[in-house]
Amino acid sequence: MRVLMIAPPGAGKGTQGALIAAHFGVPHIATGDLLRDHVARRTGLGLAVQEYLDRGELVPDQVVLGIVREALVAAKAAGGGYVLDGIPRNMRQARAAYQIARELGMTADVALHLDADDAEVTRRLLARAALEHRSDDSVEVISQRLALYHQVTSPIICWYRDRGILVSVDAMRPAQQVGREILTALEAMRPFLDHGSQQTPHSLDLTTLGEAFGATGPDATSG
Ligand code: ADP
């Protein structure tokens, strides 16, 4: 399973990305986590990107694309599946990531759009700020990140819709419910994905998913 996620900050990319990765046994490649790890380790790259992260600005495309290429090469060696979280964030990154994935023979099967409005994601990010201490979870930086999302990230959703791989989910609901709907939708698509022998074909019996992930409401089976 090869999934990339498009969502505003606070919509749940991290949570749902980890769930998808665990469910399908594929690596969760989160650009924000990889960048923050560089900052924490004070690598050359970390020192170079720290200010962008603190200000809620996008780090230069070539930096993040280099990190992603490396992670995709490792993902290929590990079986070829992945969940990309945090990239692409603009049209240039979308095209470049597509080229890299094509070169490696591992373009995305699904572009997963987590849809949530600004008021809800701001509320969640401020709640997170009280627990974790991310340098970019202040009111000013949150509004900067949201503005960037609306200006340069959300327009790429249309590109995936045109390519026929867009799956949109309502991410305003509790994380568990959103997660169930995502896994149900991805499981339903899995038999139609052509990954040669790397993927195990599965039956389309969604009732077993209901058991595995808790009661399946009507909204969870409609997508
Ligand atoms: P969120 O989406 O919740 O804001 P992330 O952890 O995905 O958080 O990203 C945190 C920060 O890392 C971004 O604000 C940006 O500075 C940087 N970043 C992450 N991914 C990218 C990317 N693809 N291109 C440029 N900058 C990125």
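Shown above is the structure to which this text applies.
Residues numbered from 1 in each chain as written. Predicted model: local features only at pLDDT ≥ 70, side-chain atom pairs only at ≥ 80, totals over all residues. Heavy atoms only, no water.

### Quick look at the packing of aromatic side chains
Turning to step 1, where the next piece is worked out: In this structure the tally under the stated criterion is two aromatic pairs.
Turning to step 2, where the next piece is worked out: Relative to W159, the ring of Y98 lies with its centre 6.0 Å away and its plane at 90 degrees, an arrangement referred to as edge-to-face. Here Y98 is found in helix 5 (residues 91–103), whereas its partner W159 is found in helix 8 (residues 156–163), with 61 residues between them in sequence.
Turning to step 3, where the next piece is worked out: Note on Y98: relative accessible area 26%, which makes it partly exposed.
Turning to step 4, where the next piece is worked out: Here the aromatic rings of W159 and Y160 are separated by 5.2 Å at their centres, their planes lie at 75 degrees, and the arrangement is edge-to-face.
Turning to step 5, where the next piece is worked out: In this structure Y160 comes out as buried when scored by relative accessible area, which is 1%.
Turning to step 6, where the next piece is worked out: Chaining the aromatic ring pairs together yields one cluster made of Y98, W159 and Y160.
Turning to step 7, where the next piece is worked out: The ring of W159 carries R163 above its face, with NZ or CZ at 5.0 Å from the centroid. (Phe/Tyr/Trp six-rings, centres within 6.5 Å; stacked < 30°, edge-to-face > 60°. Helix = DSSP H or I, 4+ residues; strand = E, 2+ residues; numbered from the N terminus. Buried < 20%, exposed > 50% of the residue type's maximum accessible area, 1.4 Å probe, protein only. Lys NZ or Arg CZ within 6 Å of the ring centre and 35° of its normal.)

### Structural notes on the site of the ligand
Turning to step 1, where the next piece is worked out: The immediate surroundings of the ligand are formed by 20 residues, with K13, T31, E57, R89 and Q93 found nearest.
Turning to step 2, where the next piece is worked out: Contacts to the ligand include R36, whose side-chain N or O atom sits 3.0 Å from an oxygen atom.
Turning to step 3, where the next piece is worked out: Contact with the protein chains removes 96% of the 550 Å² of surface that the ligand exposes when unbound.
Turning to step 4, where the next piece is worked out: Of all the secondary-structure elements, those providing two or more residues to the shell around the ligand are helix 2 (31–41) and helix 3 (44–55).
Turning to step 5, where the next piece is worked out: Partitioning the shell around the ligand into residue classes produces eight nonpolar, five polar and seven charged. (Near = heavy atom within 4 Å. Polar contact = N/O pair within 3.5 Å; in protein donor to acceptor, adjacent residues only side chain to side chain. Areas by Shrake-Rupley, 256 points an atom, 1.4 Å probe, with all protein chains shown as cover. Nonpolar A, V, L, I, M, F, W, Y, C, P; charged D, E, K, R; others polar.)

### With respect to the side chain of D85
Turning to step 1, where the next piece is worked out: For D85, the position within the fold is in strand 3 (residues 82–85).
Turning to step 2, where the next piece is worked out: Of the buried charged residues, D85 lacks a salt bridge, with K13 as the closest side chain of opposite charge at 4.7 Å.
Turning to step 3, where the next piece is worked out: Within the structure, the side chain of D85 is placed 2.9 Å from the side chain of H28, a separation counted as a polar contact.
Turning to step 4, where the next piece is worked out: Contacts of D85, omitting those with residues within four sequence positions, involve M5, K13, G14, H28, I29, A30 and T31. (Lys, Arg positive; Asp, Glu negative; His and termini not counted. Salt bridge = Lys/Arg side-chain N within 4 Å of Asp/Glu carboxyl O. Contact = heavy atoms within 4.5 Å.)

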